[in-house]
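# Report on the structure
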Amino acid sequence: LLECPSIMTLDISKNHLTDPAIVPEILEKMPNLTVLYCKGNDFVRKISNYRKTLIYKLPGLEYLDDRPISTEERRRASAFAVGQ
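Predicted, not measured: the structure shown is a model, and the values here were computed from it.

Reading the values: rules and limits
- Each residue is numbered by its place in its chain's sequence as written, counting from 1.
- Since the coordinates come from a predicted model, pLDDT governs what is reported: local features require at least 70, and pairs of side-chain atoms require 80 or more to be given and counted, while whole-chain, interface and lining totals use all residues.
- Note that the side-chain values use all heavy atoms of the structure and ignore hydrogens as well as water.
- Runs of H or I in DSSP of at least four residues are treated as helices and runs of E of at least two as strands, each being numbered from the N terminus.
- Only protein chains enter the accessibility calculation, which uses a 1.4 Å probe. A residue is then buried if its area is under 20% of the maximum for its type, exposed if over 50%, and partly exposed in between.
- Throughout, a contact is declared for two residues whenever any of their heavy atoms are within 4.5 Å.
- Here a polar contact is recorded for every N or O atom pair within 3.5 Å, except that within protein the pair must consist of a potential hydrogen donor and a potential acceptor, and residues adjacent in sequence are included only if both atoms are side-chain atoms.
- Here, a salt bridge means any side-chain nitrogen of Lys or Arg that lies within 4 Å of a carboxyl oxygen of Asp or Glu.

## Observations regarding the environment of Ser13
Summarising the element assignment, Ser13 is placed in the loop between β1 (9–11) and α1 (22–25). On the basis of relative accessibility, which here comes to 23%, the residue Ser13 falls in the partly exposed class. Separated by 43 residues in the primary sequence, Ser13 and Tyr56 place their C-alpha atoms 20 Å from one another. Excluding its chain neighbours within four sequence positions, the residues that come into contact with Ser13 are Tyr37, Cys38, Lys39 and Asn41. A distance of 2.5 Å separates polar atoms of two side chains, one belonging to Ser13 and the other to Asp11.

## Here's the deal with the pattern of salt bridges
Per the stated rule, a full pass over the model turns up seven salt bridges. One salt bridge connects Lys39 with Asp66, and the closest N-O pair in it is separated by 3.9 Å. With Lys39 in the loop between β2 (35–37) and α2 (42–46) and Asp66 in the loop between β3 (63–64) and β4 (67–68), this residue pair connects regions lying 27 residues apart in the sequence. Residue classification places Lys39 among the partly exposed residues on the basis of a relative accessible area of 46%. Between Arg45 and Asp42 there is a salt bridge, and its shortest N-O distance comes to 2.3 Å. Here the residue Arg45 and the residue Asp42 both occupy positions in helix α2, the gap between them amounting to three residues, near one helical turn. Asp42 gets classed as partly exposed once you look at its relative accessible area, which sits at 33%. Each member of the salt-bridge network shares a partner with another, and the members are Arg51, Arg67 and Glu73.

## Section: the side chain of Thr34
Within the element layout of this structure, Thr34 appears in the loop between α1 and β2. When sequence neighbours within four positions are dropped, the list of residues in contact with Thr34 reads Met8, Gly60, Leu61, Glu62 and Tyr63.

## Considering unusual backbone geometry
For Lys14, which is not a glycine, the phi torsion comes out positive at approximately 55°. Along the polypeptide, Lys14 turns up in the loop between β1 and α1. Among the residues examined, Lys14 registers a relative accessible area of 68% and is labelled exposed. One non-glycine residue, Asn49, adopts positive backbone phi at about 50°. Mapped onto the elements of the fold, Asn49 is located in the loop between α2 and α3 (50–57). Owing to a relative accessible area of 35%, Asn49 belongs among the partly exposed residues under this scheme.

This is the structure:
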């Protein structure tokens, strides 16, 4: 995936991925990622406040798991992350 920086939409749902390190090691390094589907993977349950965390760590995302990310949701995710 890191060898394809132009990827904008990524569906890794139901791939039996368990390690939450996929976020900093791969997803955060994908500069053009705007749509991401992760449902059905164990790593989703291992990330505290999963949706807020991914919205904060992946600032280019516009959709996460079939739901759009609004400006207000991004603002709340940023405030949440800074307040932790």
